[in-house]
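The chain contents come next:
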Amino acid sequence: MDNKKQVQAMLTENPDMVFDEVIQITIAGQDIAFWLKFASEWGGVLYFMDDKNTKQFEQGIIGQGEYEFSRRTYRLGLIRVTGLYDKLTAWSKQNGSGGDYTYGMDSLECYFIPAYLKDYSGANAVVKKQGEAYIQSIQQALGQQDKLEDKLGSIQELVHEYIANMHQYVK
């Protein structure tokens, strides 16, 4: 059985596997404000991109397939960053700035968050070092489970298949 069919079979059996925790990273208490700002601002970017995608589809600039894949991608990404924002906000209210937050990341977050952090940090020199440090932390955690390139590849395959055929897996 080839890899794509194997991923399809796994998702057919358990489509919620994309929400299972894959890794944990530690967010330092003093960095919570950075993460809240990132999640808030990037949520706005994703909302804008989803809106732009819809307008491009309505104007015939992109086709149905590209529109659907992008729409699902932006909306899943928005759900994940909004969820992160909500978790961090609740944690902050309980803990203030004391202690560290353990961020359990699922497959979708392992796929989206490092890419979003890279773009966010690249566009904002003030937070570049902080963003890069957390990308490194995520990669290090992923690399402990398997060879980093293999783990990233398997997450990408899983998430792409889930997004592309979500309508078949979500019932």
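Shown above is the structure to which this text applies.
Residues numbered from 1 in each chain as written. Predicted model: local features only at pLDDT ≥ 70, side-chain atom pairs only at ≥ 80, totals over all residues. Heavy atoms only, no water.

The subject of this paragraph is the packing of aromatic side chains. Applying the stated criterion across every chain, the model contains 14 aromatic pairs. Each ring, one from Trp35 and one from Tyr134, has its centre 5.1 Å from the other, and the planes form 85°; the classification is edge-to-face. In this pair, Trp35 sits in helix α2 (residues 32–58) while Tyr134 sits in helix α5 (residues 128–145), placing the two residues 99 residues apart along the sequence. For the pair shown, Trp35 and Tyr134 are each scored as buried. Ring plane angle 75° and centroid distance 5.2 Å describe the contact between Tyr111 and Phe112, whose orientation is recorded as edge-to-face. Its relative accessible area of 26% is what places Tyr111 among the partly exposed residues. (Phe/Tyr/Trp six-rings, centres within 6.5 Å; stacked < 30°, edge-to-face > 60°. Helix = DSSP H or I, 4+ residues; strand = E, 2+ residues; numbered from the N terminus. Buried < 20%, exposed > 50% of the residue type's maximum accessible area, 1.4 Å probe, protein only.)

Soluble, globular proteins show a tendency: their nonpolar side chains are buried together. Residues Ile23, Ile25, Ile27, Trp35, Tyr103, Ile113 and Leu117 are the most contacted members of the largest nonpolar core, which totals 44 residues. The contact partners of Ile27, leaving out residues within four places of it in the chain, are Ile32, Trp35, Leu88, Asp100, Tyr101, Tyr103 and Tyr134. (Core = buried A, V, L, I, M, F, W, Y, C linked by side-chain atoms within 4.5 Å. Contact = heavy atoms within 4.5 Å.)

The next thing to look at is the layout of surface pockets. Computed from the structure, the largest pocket encloses a volume of approximately 210 Å³. Every residue along the wall of the largest pocket is listed here: Cys110, Tyr111, Pro114, Ala115, Lys118, Ile135, Gln139, Leu152, Ile155 and Gln156. Put simply, the parts of the chain that give the lining of the largest pocket at least two residues each are α4 (107–123), α5 and α6 (148–164). If one sorts the elements of the lining of the largest pocket by residue count, α4 sits on top with five residues. Considering only residue class, the lining of the largest pocket consists of seven nonpolar, two polar and one charged. Considering only enclosed or pocket space, the second largest pocket measures out at about 180 Å³ in volume. (1 Å grid on protein atoms, 1.4 Å probe; cavity = no way out; pocket = protein on both sides within 12 Å on 5 of 7 lines; lining within 4 Å. Points joined across faces, edges and corners; volume = space filled by probe spheres on them. Nonpolar A, V, L, I, M, F, W, Y, C, P; charged D, E, K, R; others polar.)

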